[in-house]
Amino acid sequence: MSFDIIRAGHAELLVTDLNKAYDFYVETLGFKLVYEDGEHIYLRGHEERYHHSLCLTKYPKAGAHHIAFKVRSNEDLKALEEFFLKNNLEVIWIEKDYELGLGKALRIQDPLGFPVEFYYEMEKAEWSLQKYHEYKGAKILRIDHFNIHVPNVELAFEWYKKLGFYVTEITETEDEPPKIWAAWFRRKHTSHDIALTNGYGPRLHHIAFYVPDRLAILDAADILASKDYIKNMERGPGRHGITNAFFFYLRDPDGHRIELYTGDYLSSDPDWEPIIWKFHDPKRQTLWGTPAPPSWFEESSLVFNFKTKEFMPLIKPILPEKPRYLQVTH
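*Asks:* Just to check I follow, could you spell out empty space enclosed by the protein for this structure?
*Replies:* The probe, sized like a water molecule, is rolled over the atoms to show the empty space still left. This model, assessed by the stated rule, comprises three cavities of 30 Å³ or more. Of the volumes computed, that of the largest cavity is approximately 180 Å³. Lining the largest cavity we find 17 residues, and of these N147, W184, H240, Y249 and W296 sit closest to its centre. Residue assignment for the lining of the largest cavity shows that the elements contributing at least two residues are β9 (142-150), β11 (180-186) and β16 (257-262). Tallied by class, the residues present in the lining of the largest cavity amount to six nonpolar, eight polar and three charged.

In structure tokens, the structure reads:
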């Protein structure tokens, strides 16, 4: 591989009301405010040593503007450009924005329809990991991963393998031969940097942020409830079978799904063999067997099209959207 993608780096969400977003992300969940200008809010977690990991941009309609991966060097960006052009993808270069600490980056609309950015440079920031007096809410530490809805998981699976991602876990159907229903890929040495989930797409299912421990998630649940964000608490707290992580899924005021996440595993061994789950195993979603609500399968954020400046149309998934034990029968 002639380029080196390091990890999930940052994301930009389009929101309709910055004041509501500020209360949810900063005042309630405890993200660290980096910069705001009336059109954008830039945020990061306490463990992060770069300018931001989440940008909230004011827009008439809510959606996902892009997800981004950090690469090892500027040379990797050039190698990625060459790779994308060979795969007949248009490359858009984003110039440096020194005021916001952003270096030169490239963006593509990938074969799955997702707007994806790759970058190397970002202004370094003061580390606040041990400034415990600043922690509040969920005590957000860092961005961890993205989860995307795709109508053809096997096509997406092959694309991320071509980008040099490693497979950690797979959900497959009971067919013979089995079909891939979902997959988890990593670049950093944890359970994953991106998950591919079967469903109407392209859509952004969620962005996950790492928190210190389970207690931080339980504290966040109490805080959200006391601030009347009960309707924003979609799923959990609970324990995943896949990744083994303790989780809590929230919906922000525009419906974007945010996961509070902690306690997954190390996956650094070069001979790692993917963990295989069967589609109808109730323990894969939640180790305790508790099913996810229908909204978790059916609702996600639309994604932006750089070329048309509209949102990408949705394509029906090839495989069933959810396990049989959650299907509605009449």
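After presenting the structure, the write-up continues.
*Asks:* Can you walk me through the side chain of R235 in this structure?
*Replies:* Along the chain, R235 turns up in strand β14 (residues 233-239). Of the buried charged residues, R235 lacks a salt bridge, with E259 as the closest side chain of opposite charge at 7.2 Å. Once residues within four sequence positions are removed from consideration, R235 is found in contact with H240, F247, F248, Y249, Q285, T286, A292, P293 and W296.

*Asks:* So what exactly am I meant to see when it comes to the layout of surface pockets here?
*Replies:* Considered as a void within the structure, the largest pocket measures approximately 430 Å³ in volume. Contributing to the lining of the largest pocket are 16 residues, with R7, E47, E48, R49 and Y50 lying nearest its centre. Of all the secondary-structure elements, those providing two or more residues to the lining of the largest pocket are β1 (5-15) and β9. Sort the elements by how many residues they give to the lining of the largest pocket and β1 lands first, with three residues.

*Asks:* Is there a simple way to think about the pairing of β1 in this case?
*Replies:* Two faces belong to every sheet, and in a regular strand the side chains alternate between them. With nine of its eleven residues buried, β1 lies for the most part within the structure. With eight bridges connecting them, β1 and strand β5 (residues 63-71) associate as antiparallel partners. The residue bridging L13 from the neighbouring strand is A64, located in β5.

*Asks:* It is not clear to me how the nonpolar core should be interpreted in this structure. Could you clarify?
*Replies:* Generally speaking, soluble globular proteins have nonpolar side chains that are buried together. By size, the foremost hydrophobic cluster in this structure holds 71 residues, and its most contacted members are F69, F84, F118 and Y160. I242, F247, F279 and A292 belong to the second-largest nonpolar core, a separate cluster that totals 13 residues.

*Asks:* What am I meant to see in the confidence of the model for the protein chain here?
*Replies:* Caution is warranted with low-pLDDT regions, since their predicted coordinates should not be read in detail. Counting all residues, the mean pLDDT for the protein chain is 94, and 96% of those residues have values of 70 or more. Predicted confidence for residues 325-330 stays below pLDDT 50, and this span has eleven contacts to residues more than four positions away or in other chains.

*Asks:* Just checking my understanding: could you explain the sheet that holds strand β7 (residues 105-109) for this structure?
*Replies:* Hydrogen bonding along the main chain pairs the strands of a sheet, whether they run parallel or antiparallel. Across the sheet, eight strands lie side by side as β2-β3-β4-β1-β5-β8-β7-β6; this open sheet has mixed pairing. Each of the sheet's edge strands pairs with one partner strand only, and the pair in question is β2 (32-36) and β6 (92-94). Neighbour to neighbour, the strand axes of the sheet diverge by 25° on average, direction disregarded. Judged from the four bridges that link them, β5 and strand β8 (residues 115-119) form a sheet pairing that is parallel. Of the residues in β8, the one forming a bridge with F69 is F118. Packed onto the sheet, helix α2 (residues 74-86) meets β5, β6, β7 and β8 and runs at close to 25° relative to β7.

Calculation criteria
Residues numbered from 1 in each chain as written. Predicted model: local features only at pLDDT ≥ 70, side-chain atom pairs only at ≥ 80, totals over all residues. Heavy atoms only, no water. 1 Å grid on protein atoms, 1.4 Å probe; cavity = no way out; pocket = protein on both sides within 12 Å on 5 of 7 lines; lining within 4 Å. Points joined across faces, edges and corners; volume = space filled by probe spheres on them. Helix = DSSP H or I, 4+ residues; strand = E, 2+ residues; numbered from the N terminus. Nonpolar A, V, L, I, M, F, W, Y, C, P; charged D, E, K, R; others polar. Buried < 20%, exposed > 50% of the residue type's maximum accessible area, 1.4 Å probe, protein only. Lys, Arg positive; Asp, Glu negative; His and termini not counted. Salt bridge = Lys/Arg side-chain N within 4 Å of Asp/Glu carboxyl O. Contact = heavy atoms within 4.5 Å. Pairing = 2+ DSSP bridges. Core = buried A, V, L, I, M, F, W, Y, C linked by side-chain atoms within 4.5 Å. pLDDT = per-residue confidence, 0-100. Axes fitted to C-alpha atoms, helices over the stretch in contact; angles between N-to-C directions.

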